[in-house]
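Here are the chains, one letter per residue:
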Amino acid sequence: MKIVLENVVKEFNTFRAVRGVSLEIGSGELVALLGPSGSGKTTILRMVAGLEFADQGAIYFGDEDATNIPVRERGVGFVFQHYALFPHMTVGENIAFGMKVSKKARSKQEITDRVNDLLRLVKLEGLNDRFPSQISGGQKQRVALARALAVDPKVLLLDEPFGALDANVRHDLRRWLREIHDELGITTLFVTHDQEEALDLADRVVILDQGAIVQEGTPEQVCREPNSAFVMKFLGDTN
Ligand code: ADP
């Protein structure tokens, strides 16, 4: 599913957090929104999800104007920062929750089968009955991804998917997310402030500053030809 943002603006009171962003994400592409804290990344992601609505501009999913379509009807899977798993639900229940809130009706057996398929996909077989407090950070991240995929989304959106993990786990999960993306071919947009992560994982990187796109291109393009002192400095700053 191709996504197009046309001149999208978002204001909070009088503060313009997103200042006329136009962007196209090709079907099956894996794109990173990269920028410093406060540059508008999460707000853009939430507008694509339908968790926030644009004050101006339009968002298209394929040929459909999705600008004002609510989140439940958009067909997106969302992985929140810090995973936001439900602590009182097991791994299996967390994953099934995604299906229960979607509009498509499923029988109990269908839900169980689908949860098991998803657990296999994210390599967490056998952890169905654990609670989030009983699994590692990397495993929680996998559960969050399985929950997002449970609705068969047309689009996968991830907010700082690896932010809370240590460097080794982050590296492994990055490779693994790439594999899952390539296997499912799902249009994916993720937010990060980590230059290395964006450059390593994404097909295309969109660099933001103060609510506007300053440069976009393949990792090679933006590294080879940074178009401003800001991009040069930002890409040079690894944390
Ligand atoms: P990023 O994800 O790049 O860190 P955000 O999209 O979270 O940036 O935020 C962009 C700007 O909008 C920030 O200055 C932030 O404080 C502001 N902002 C985000 N959400 C809200 C909100 N709900 N109310 C007021 N200001 C907000």
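Since this is a predicted model, take the numbers as computed values, not measurements.

1. Quick word on the overall build of the chain
Right, on to step 1. Tallying secondary structure elements over the chain gives eight helices and 10 strands in all.
Right, on to step 2. Its C-alpha radius of gyration of 18 Å places the chain within 12% of the 18 Å reference for a compact globule of 239 residues.
Right, on to step 3. Taking as baseline every contact in the chain between residues at least 6 positions apart, the subset at least 24 positions apart corresponds to 65%.

2. Description of the sheet that holds strand 2 (residues 15-25)
Right, on to step 1. Spatially, 2-1-4-5 is the arrangement adopted by the four strands of the open sheet, whose pairing is antiparallel. The sheet terminates laterally at strand 2 and strand 5 (64-65), the two strands that pair on one side only.
Right, on to step 2. The sheet contact formed by strand 1 (residues 3-12) and strand 4 (residues 56-61) spans five bridges and is antiparallel. Following the sheet pairing, V4 is matched in strand 4 by Y60.

3. Thoughts on the sheet that holds strand 7 (residues 155-159)
Right, on to step 1. Within the open sheet, the six strands sit side by side as 6-7-8-3-9-10. Their pairing is mixed. Two strands close off the open sheet at either side, each with one partner strand: strand 6 (76-79) and strand 10 (212-217). Going from strand to strand, the sheet's axes swing by 20° on average, the running direction of each strand aside.
Right, on to step 2. Pairing of strand 3 (residues 30-34) with strand 9 (residues 204-209), which is carried by four bridges, proceeds in the parallel orientation. In the sheet register, A32 faces strand 9, and the bridge partner there is V205.
Right, on to step 3. Packed onto the sheet, helix 4 (residues 137-149) meets strand 6 and strand 7 and runs at close to 165° relative to strand 6.

4. Looking at the nonpolar core
Right, on to step 1. Ranked by size, the top nonpolar core spans 61 residues in total, and within it A32, L33, A146, L157 and V206 carry the most contacts.
Right, on to step 2. Counting residues per element, this core draws most heavily on helix 4, at six residues.
Right, on to step 3. Beyond its immediate sequence surroundings of up to four residues, L157 is in contact with L45, V48, A49, V76, G77, F78 and L189.

5. A short note on the site of the ligand
Right, on to step 1. The full set of residues close to the ligand is F12, A17, G35, S37, G38, S39, G40, K41, T42 and T43.
Right, on to step 2. By residue number, the principal contributor to the shell around the ligand is helix 1 (residues 41-49), which donates three residues.
Right, on to step 3. Tallied by class, the residues present in the shell around the ligand amount to two nonpolar, seven polar and one charged.

6. Concerning the environment of Q134
Right, on to step 1. Of note, Q134 is situated in the loop between helix 3 (108-121) and helix 4.
Right, on to step 2. Assessed through the 11 C-beta atoms surrounding it within 10 Å, Q134 is described here as exposed.

7. Quick look at unusual backbone geometry
Right, on to step 1. In this model, D152 sits at a positive phi of 50°, which is unusual for a non-glycine residue.
Right, on to step 2. Position of D152 relative to the elements: it lies in the loop between helix 4 and strand 7.
Right, on to step 3. Residue classification places D152 among the partly exposed positions, given that 14 C-beta atoms sit within 10 Å.
Right, on to step 4. Unusually for a residue other than glycine, Q210 sits at a positive phi of about 50°.
Right, on to step 5. The class of Q210 is partly exposed, set by 15 C-beta atoms lying within 10 Å.

Parameters at a glance
Residues numbered from 1 in each chain as written. Predicted model: local features only at pLDDT ≥ 70, side-chain atom pairs only at ≥ 80, totals over all residues. Helix = DSSP H or I, 4+ residues; strand = E, 2+ residues; numbered from the N terminus. Rg over C-alpha atoms; globule rule 2.2 N^0.38 Å. Contact = placed C-beta atoms within 7 Å. Pairing = 2+ DSSP bridges. Axes fitted to C-alpha atoms, helices over the stretch in contact; angles between N-to-C directions. Core = buried A, V, L, I, M, F, W, Y, C linked by C-beta atoms within 7 Å. Buried ≥ 20, exposed ≤ 12 C-beta atoms within 10 Å, placed from the backbone. Near = placed C-beta within 6 Å. Nonpolar A, V, L, I, M, F, W, Y, C, P; charged D, E, K, R; others polar.

All quantities given are derived from atomic positions and should not be read as evidence of function.
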